[in-house]
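Chain by chain, the residues:
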Amino acid sequence: MNYLKTFTNGLLKENPTFVLLLGMCPTLGTTTSGMNGLGMGLATAFVLICSNIVISILKRLIPDKVHIPAYIVIIATFVTILQMVMEAYMPALYESLGLFIPLIVVNCIVLGRAESFAAKNNPFASFLDGAGIGLGFTFALTLLGSVRELLGTGNIFSFRLFPENYGMLIFVLAPGAFIALGYLIAIINKLKSKNA
Amino acid sequence: MTYILIFISAVFVNNIVLSQFLGICPFLGVSKKIDTALGMGAAVAFVMTISTLVTYLIQKTILDPFGLGFLQTITFILVIAFLVQLVEIIVKKISPALYQALGVFLPLISTNCAILGVAIMVIQKDMTLIESVVFAISTAIGFGLALVLFAGIREQLALVKLPKGMEGTPTALIVAGLLAMAFMGFSGVV
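Residues numbered from 1 in each chain as written. Chains lettered and ligands numbered in written order. Predicted model: local features only at pLDDT ≥ 70, side-chain atom pairs only at ≥ 80, totals over all residues. Heavy atoms only, no water.

## Examining the interface of chain A and chain B
When the parts of a complex come together, some accessible area is lost, and that lost area is often used as the size of the interface. The partner chain B presents 34 residues to the 33 residues of chain A that form the contact. Both faces considered, chain A and chain B share a buried interface measuring about 2900 Å² in area, 86% of it formed by carbon and sulfur atoms. If you sort the residues of chain A by the area they bury against chain B, Leu-99, Val-106 and Phe-178 of chain A come out on top, with a joint share of 23%. Run the count over chain A and chain B and you get zero salt bridges. Where chain A meets chain B, there are one residue pair in polar contact (both at pLDDT 80 or more). Of all the secondary structure elements, the ones that give two or more residues to the side of chain A that touches chain B are helix 2 (24–29), helix 4 (67–89) and helix 8 (174–195) of chain A. At eleven residues, helix 8 of chain A tops the list of elements feeding residues into the side of chain A that touches chain B. Residues belonging to the side of chain A that touches chain B are distributed by class as follows: 27 nonpolar, six polar and no charged. (Contact = heavy atoms within 4.5 Å. Buried area = accessible area lost by both parts, 1.4 Å probe. Salt bridge = Lys/Arg side-chain N within 4 Å of Asp/Glu carboxyl O. Polar contact = N/O pair within 3.5 Å; in protein donor to acceptor, adjacent residues only side chain to side chain. Helix = DSSP H or I, 4+ residues; strand = E, 2+ residues; numbered from the N terminus. Nonpolar A, V, L, I, M, F, W, Y, C, P; charged D, E, K, R; others polar.)

Structure representation (structure tokens):
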């Protein structure tokens, strides 16, 4: 088992957003700015890493027939912890991400990695896989958030690049999310086909 | 009157897929044909209404009086997963025809974030029981409407020749963006 490969796999080759197309709801819903995208990505990465480690430790103890409900309870536990911590220490971010924090429970990436990786590998490899996929997701969300923030308001991470009047407000609103992600994936497809 | 407002707002103005970004996975996944889109829409309407009703009652009768609000996420997701299984078994027993039509979609629904999203939203917005049920049904209709419209467009889109990098998901997302733009025209109606 090559640990480095496990880690980089999630960053590039199996990037959850651009390649596997999983977890689209938070990807589109929370990326109104680079900061929100980064926050949501890190929140998901936290849940993913913790649930991956715990599931891979407990994998022998969980009966096969009830493994999905058991995984969901483990994931939901970490989401609840995350919710409480964020509400206490980062109320502004918690407020702006809103509904999407509890919805990490039904994020297909988390359950998908539990099922396809953590249930078969040792805790350390699962940790690396969780970190890789989590960072890949964070990267994708931050990129999409920055693109939308830049086109919509002229800022990147609240740093002004051009006057707000020139921004296209549509990119901060709902339609812009779909369109920006569509073009990002098209660009990545193009780059991939060139490399191949 | 309130109920009509909730209905219009949930179907058109705050459409669950196109302006709230919930339930995107089935929206992109099962929208290649109008028939399957209709089936998925019906299955979601069914489960969403029942699960919102049940989770609402659990929140008001168990979680709130005993101060267990922090267990909301865990409780709701388990209740929804359980209900989906239950609905599947009951429908299979009572109406094999309906099961034939909805069967494939039912297991997919437990990971549909729209269901959990609506259950939580109803609590956050502090709605009454009837308002919640009306909201759940309207949201599901909005979901079905978006899905069917999108499927109709994609059926046509399948006949078009596209640049290679744009095939599949990128085009689907851009079309969804245009659809969302059309739905933005409803903002201000309510």
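## A few points about helix 7 (residues 113–124) of chain B
For helix 7 of chain B, spanning twelve residues, the distance from its first C-alpha to its last is 16 Å, which sits close to the expected 16 Å at 1.5 Å a residue. Of all twelve residues making up helix 7 of chain B, eleven are buried, and the element is well covered by its neighbours. Of all the positions in helix 7 of chain B, only Cys-113, Ala-114, Ile-115, Leu-116, Gly-117, Val-118, Ala-119, Ile-120, Met-121, Val-122 and Ile-123 of chain B are classed as buried. Among the structural elements, helix 2 of chain A together with helix 3 (34–63), helix 4 (72–94), helix 6 (106–109) and helix 8 (129–157) of chain B are those in contact with the buried residues of helix 7 of chain B. Two residues or fewer past helix 7 of chain B, Asp-126 of chain B is found with a positive phi of approximately 60°. (Expected span 1.5 Å × (residues − 1). Buried < 20%, exposed > 50% of the residue type's maximum accessible area, 1.4 Å probe, protein only.)

## Here we look at the confidence of the model for chain A
With 98% of its residues at a pLDDT of at least 70, chain A reaches an overall mean of 87. For chain A, helix 1 (residues 3–13) of chain A is the element with the lowest average pLDDT, namely 79, and helix 3 (residues 34–58) of chain A is the one with the highest, namely 92. (pLDDT = per-residue confidence, 0-100.)

## Notes on empty space enclosed by the protein
Tallied over the entire structure, the rule returns one cavity of 30 Å³ or more. Roughly 90 Å³ of volume is contained in the largest cavity. Cys-25, Pro-26, Val-106 and Asn-107 of chain A together with Cys-113 of chain B are, among the 13 residues lining the largest cavity, the residues nearest its centre. Among the secondary structure elements, those contributing two or more residues to the lining of the largest cavity are helix 2 of chain A together with helix 2 (24–29) of chain B. Of the residues that constitute the lining of the largest cavity, the class distribution is nine nonpolar, four polar and no charged. (1 Å grid on protein atoms, 1.4 Å probe; cavity = no way out; pocket = protein on both sides within 12 Å on 5 of 7 lines; lining within 4 Å. Points joined across faces, edges and corners; volume = space filled by probe spheres on them.)

## A few points about the packing of aromatic side chains
Aromatic ring pairs: the centre-centre distance and the angle between the two ring planes describe each pair. Residues and elements named next belong to chain B. Counted under the stated rule, the structure contains six aromatic pairs over all chains. Ring geometry for Phe-27 versus Phe-150: centroids 4.4 Å apart, planes at 15°, classification stacked. Residue Phe-27 is located in helix 2, and its partner Phe-150 is located in helix 8; the two are separated by 123 residues in the primary sequence. Here Phe-27 matches Phe-150 in class, with each residue buried. (Phe/Tyr/Trp six-rings, centres within 6.5 Å; stacked < 30°, edge-to-face > 60°.)

## Looking at the packing of helix 1 of chain A against helix 7 (residues 123–153) of chain A
All names here are of chain A. At a minimum axis distance of 6 Å, the contact between helix 1 and helix 7 shows a crossing angle of 25°. As summarised for this structure, helix 1 and helix 7 are arranged roughly parallel, according to the angle between their axes. Viewed along their axes, helix 1 and helix 7 form a crossing whose handedness is right-handed. Side by side, helix 1 and helix 7 meet where Tyr-3, Thr-6, Phe-7, Gly-10 and Leu-11 of the first sit next to Phe-124, Ala-125, Leu-128, Asp-129, Ala-131, Gly-132, Ile-133, Leu-135 and Gly-136 of the second. (Axes fitted to C-alpha atoms, helices over the stretch in contact; angles between N-to-C directions. Parallel < 35°, antiparallel > 145°, perpendicular 65-115°, else oblique. Left-handed = near helix turned anticlockwise from the far one by under 90°.)

## Some thoughts on the pattern of salt bridges
If the charged atoms of two oppositely charged side chains come close together, the side chains can form a pair. For the coordinates displayed, the defined rule picks out three salt bridges over all chains. Arg-113 of chain A is the partner of Asp-129 of chain A in a salt bridge, and the nearest nitrogen-oxygen pair spans 2.9 Å. Taken together, the positions of Asp-129 of chain A in helix 7 and Arg-113 of chain A in helix 6 (residues 108–118) put the pair 16 residues apart, joining distant regions of the chain. Of the two residues, Asp-129 of chain A and Arg-113 of chain A, neither departs from the other in class, the shared state being buried. Across the pair Asp-126 of chain B and Lys-60 of chain B runs a salt bridge, and its minimum N-O distance is 4.0 Å. Residue Asp-126 of chain B is found in the loop between helix 7 and helix 8, and its partner Lys-60 of chain B is found in helix 3; the two are separated by 66 residues along the sequence. Under the relative-accessibility criterion, Asp-126 of chain B is labelled exposed at 57%. Residue Lys-60 of chain B is classed as partly exposed on the basis of its relative accessible area of 32%. Via salt bridges that share partners, Lys-60, Asp-64 and Asp-126 of chain B belong to a single interconnected network.

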